[in-house]
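What follows is the residue order along each chain.
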Amino acid sequence: MSTFTIGVRRAEQSDAESITRVHDAAWRFAYDGIIPAQELSRIIARRGARWWDRAIRRGTAILVMEVGGEICGYATFGPNRARNLSQKGEVYEIYLMPEYQGIGLGTRLFLACRKELARFRFDSIVVWALADNENACRFYRNAGGRKVARAAERFGDMQLAKIAFAWGPAH
């Protein structure tokens, strides 16, 4: 019988290549047919290993999810960037390799982000999801998020609706 470990930890410089692979696979899975193909390819190409290496060296808050020593997910987080919302913290992105989705690892990674944000006294948080990304919206609703705002984001020539989900005491 073999066993493997599952864990969440802060990203290290040696993780840049693995995070790049997760970003590529997860974004293609999540946004194929939602974000125009050419724009999606451009976004993915911009986030290569050098980009992730710089982000880690700059101290960007990045957590990675490991299963059996292999990185299968990542999340980035920090202060809320939307001035019109009262939540203090924000989970900027949370992604898993497609084959690791739907088995509770995303929830574990999300809760680890919330715990890290709480350490900085960010007791309320917000997460944005594209409205057409049904899997993400369902994930945040199931995690207890309440819709608090709508906005739009431009991807090439296309404008896509996005929804803010919030947790915590601030309204």
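The structure reproduced in this document is the subject of the present report.

### Some details on the overall build of the chain
- What the chain contains, in helices and strands, is five helices and seven strands.
- Along the three orthogonal principal directions, the C-alpha set of the chain runs to about 45 × 40 × 35 Å.
- Relative to its full complement of 171 residues, the chain shows a buried share of 46%.
- Nonlocal contacts in the chain, meaning residues at least 24 apart in sequence, comprise 64% of its contacts between residues at least 6 apart.
- Total accessible area computed for the chain in this model is approximately 9,500 Å², and 49% of it derives from carbon and sulfur atoms.
- Here the chain holds 26 positive side-chain charges and 18 negative ones, and the gap between their average locations is 7 Å.

### Describing the sheet that holds strand S3 (residues 70–79)
- Pairing in this open sheet of seven strands is mixed, and the strands run S1-S2-S3-S4-S5-S7-S6 from one edge to the other. If you trace the sheet from one side to the other, it starts and ends with strand S1 (6–10) and strand S6 (146–155), each paired once. Each strand of the sheet is rotated relative to its neighbour by a mean of 25°, with strand direction disregarded.
- The sheet contact formed by strand S5 (residues 125–130) and strand S7 (residues 158–167) spans six bridges and is antiparallel. Residue Ile125 lies in a different strand from S7, and its bridge partner there is Trp167.

### A short note on the nonpolar core
- In terms of nonpolar packing, the biggest core is built from 50 residues, with Trp27 and Tyr140 touching the most fellow members.
- With seven residues, the top contributor of residues to this core is helix H1 (residues 16–31).
- In terms of nonpolar packing, the next biggest core, distinct from the first, is built from five residues, Ala82, Leu85, Ala149 and Ala164 among them.

### Quick word on the packing of H1 against helix H3 (residues 49–57)
- At a minimum axis separation of 8 Å, H1 and H3 run at an interaxial angle of 120°. The angle between the axes of H1 and H3 places the two elements in the oblique class. Crossing geometry of H1 relative to H3 is assigned as right-handed. Contact with H1, carried on its side by Ala16, Glu17, Ile19, Thr20 and His23, involves Ala49, Trp52, Asp53 and Ile56 of H3 and no other residues of that element.
- Tallied by class, residues from the contact of H1 with H3 come to five nonpolar, two polar and two charged.

### Focus: the packing of H1 against helix H2 (residues 37–46)
- Packing of H1 against H2 leaves a shortest axis separation of 10 Å and a crossing angle of 160°. In terms of orientation, H1 lies roughly antiparallel with respect to H2. In the crossing of H1 with H2, the sense of the turn from one axis to the other is right-handed. Side by side, H1 and H2 meet where His23, Asp24, Trp27, Arg28 and Tyr31 of the first sit next to Leu40, Ser41, Ile43 and Ile44 of the second.
- Classifying every residue of the contact of H1 with H2 gives five nonpolar, two polar and two charged.

### Remarks on the side chain of Glu93
- Considering the arrangement of structural elements, one finds Glu93 in strand S4 (residues 89–96).
- Among residues more than four places away in sequence, those in contact with Glu93 are His23, Trp27, Arg47, Trp52, Tyr74, Ala75 and Thr76.

### A few points about H3
- Within H3, the full set of buried residues consists of Ala49, Trp52, Asp53, Ala55 and Ile56. Looking down the long axis of H3, one finds its buried residues gathered within 160° of arc, a one-sided arrangement. Exposed side chains of H3 directed beyond 90 degrees from the buried face belong to Arg50 and Arg57.
- Buried residues in H3 make contact with H1, strand S2 (62–67), S3 and S4.
- Looking one or two residues beyond H3, the residue adopting positive phi is Gly59, at roughly 90°.

Criteria and thresholds
Residues numbered from 1 in each chain as written. Predicted model: local features only at pLDDT ≥ 70, side-chain atom pairs only at ≥ 80, totals over all residues. Heavy atoms only, no water. Helix = DSSP H or I, 4+ residues; strand = E, 2+ residues; numbered from the N terminus. Buried < 20%, exposed > 50% of the residue type's maximum accessible area, 1.4 Å probe, protein only. Contact = heavy atoms within 4.5 Å. Areas by Shrake-Rupley, 256 points an atom, 1.4 Å probe, with all protein chains shown as cover. Lys, Arg positive; Asp, Glu negative; His and termini not counted. Charge placed at Lys NZ, Arg CZ, Asp CG, Glu CD. Pairing = 2+ DSSP bridges. Axes fitted to C-alpha atoms, helices over the stretch in contact; angles between N-to-C directions. Core = buried A, V, L, I, M, F, W, Y, C linked by side-chain atoms within 4.5 Å. Parallel < 35°, antiparallel > 145°, perpendicular 65-115°, else oblique. Left-handed = near helix turned anticlockwise from the far one by under 90°. Nonpolar A, V, L, I, M, F, W, Y, C, P; charged D, E, K, R; others polar. Arc of directions from axis to C-beta.

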